[in-house]
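Given next are the chains, with one letter for each unit.
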Amino acid sequence: MSNEMIKMFENFKSAIIKKYNNSEFSTKEAREIAKELGYDENDFHHIWHKAMYPNRVARGKYIFDQNHSFDTKSKKPSKEAVKKEVKSSVKKDWDIISEAKEIINDEPVISPTVDLKVK
């Protein structure tokens, strides 16, 4: 996210907080404030997707937390961590499979023959 977008989101958030004091607001109310700030529909779509949707409390209702920040980034796990997790998961799967093989008898299961001819 660019610094320009973060400033737009912060500007929008401060206008919402100024009017609603960290209480619930609707999409319609947010759209009106965005228009008052001079944002077009494309800008509002970005605001809704990145700023409002993650703070949704009900369908069409949103709240910004008092300590909310837009500059938080999610950290992507390293390749080594992913490989380690996959390796441990595969090992657990093989352990389960080997346990299942011990439980199952080695004798073949013979199913009764059924006459499948239509009469």
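Residues numbered from 1 in each chain as written. Predicted model: local features only at pLDDT ≥ 70, side-chain atom pairs only at ≥ 80, totals over all residues. Heavy atoms only, no water.

### Structural notes on the overall build of the protein
Scanning the protein from N- to C-terminus turns up four helices and three strands. A total of about 10300 Å² of accessible surface is found on the protein, and carbon and sulfur atoms cover 54% of it. (Helix = DSSP H or I, 4+ residues; strand = E, 2+ residues; numbered from the N terminus. Areas by Shrake-Rupley, 256 points an atom, 1.4 Å probe, with all protein chains shown as cover.)

### Notes on helix H2 (residues 27-36)
For H2, the full list of buried residues reads Ala30, Ile33 and Ala34. Each buried residue of H2 sits inside an arc of 100° when the element is viewed along its axis, so together they form one side. In H2, the exposed positions that point more than 90 degrees away from the buried face belong to Lys28, Lys35 and Glu36. Where H2 is buried, its residues contact helix H1 (3-20), strand E1 (25-26) and helix H3 (41-52). Positive phi shows up at glycine 38, right after H2, with a value of about 90°. (Buried < 20%, exposed > 50% of the residue type's maximum accessible area, 1.4 Å probe, protein only. Arc of directions from axis to C-beta. Contact = heavy atoms within 4.5 Å.)

### Brief notes about H3
The terminal C-alpha atoms of H3, which comprises 12 residues, lie only 14 Å apart, well short of the 16 Å expected from a rise of 1.5 Å per residue. Within the sequence span of H3, burial applies to Phe44, Ile47, Ala51 and Met52. Around the axis of H3, the buried residues are gathered within 70° of arc, so they sit on the same side. Along its buried surface, H3 packs onto H1, E1, H2, strand E2 (56-58) and strand E3 (61-62). (Expected span 1.5 Å × (residues − 1).)

### Section: the packing of H2 against H3
Their axes nearest at 10 Å, the elements H2 and H3 cross at an angle of 130°. Taken as axis vectors, H2 and H3 run oblique relative to one another. Judged by the twist between their axes, the crossing of H2 over H3 is right-handed. Residues Thr27, Ala30, Arg31, Ala34 and Lys35 of H2 touch H3, and the partners they reach there are Glu41, Phe44 and Met52. Class assignment for the residues of the contact of H2 with H3 results in four nonpolar, one polar and three charged. (Axes fitted to C-alpha atoms, helices over the stretch in contact; angles between N-to-C directions. Parallel < 35°, antiparallel > 145°, perpendicular 65-115°, else oblique. Left-handed = near helix turned anticlockwise from the far one by under 90°. Nonpolar A, V, L, I, M, F, W, Y, C, P; charged D, E, K, R; others polar.)

### Comments concerning the confidence of the model for the protein
On average, residues of the protein score 78 in pLDDT, and 75% of them are at 70 or above. Here H1 stands out as the element of the protein with the lowest mean pLDDT, 82, in contrast to H2, whose mean of 89 is the highest. (pLDDT = per-residue confidence, 0-100.)

### Some details on a nonpolar patch on the surface
Together, Val82, Val86, Val90, Trp94 and Ile97 give the surface a local cluster of nonpolar side chains, amounting to about 440 Å² of exposed area. Take isoleucine 97: it is sitting in helix H4 (residues 79-103). (Patch = residues over 30% accessible without salt bridge, like charges linked within 9 Å, V, L, I, M, F, W, Y side chains within 5 Å. Salt bridge = Lys/Arg side-chain N within 4 Å of Asp/Glu carboxyl O.)

### Description of the environment of asparagine 11
As for its position among the elements, asparagine 11 is in helix H1. Along the chain, asparagine 11 and leucine 37 lie 26 residues apart, while their C-alpha atoms are 8.5 Å from each other. Look past the residues within four positions of asparagine 11 in its chain and what remains in contact with it is Leu37 and Tyr39. A distance of 3.1 Å separates a polar atom in the side chain of asparagine 11 from a polar atom in the side chain of tyrosine 39. (Polar contact = N/O pair within 3.5 Å; in protein donor to acceptor, adjacent residues only side chain to side chain.)

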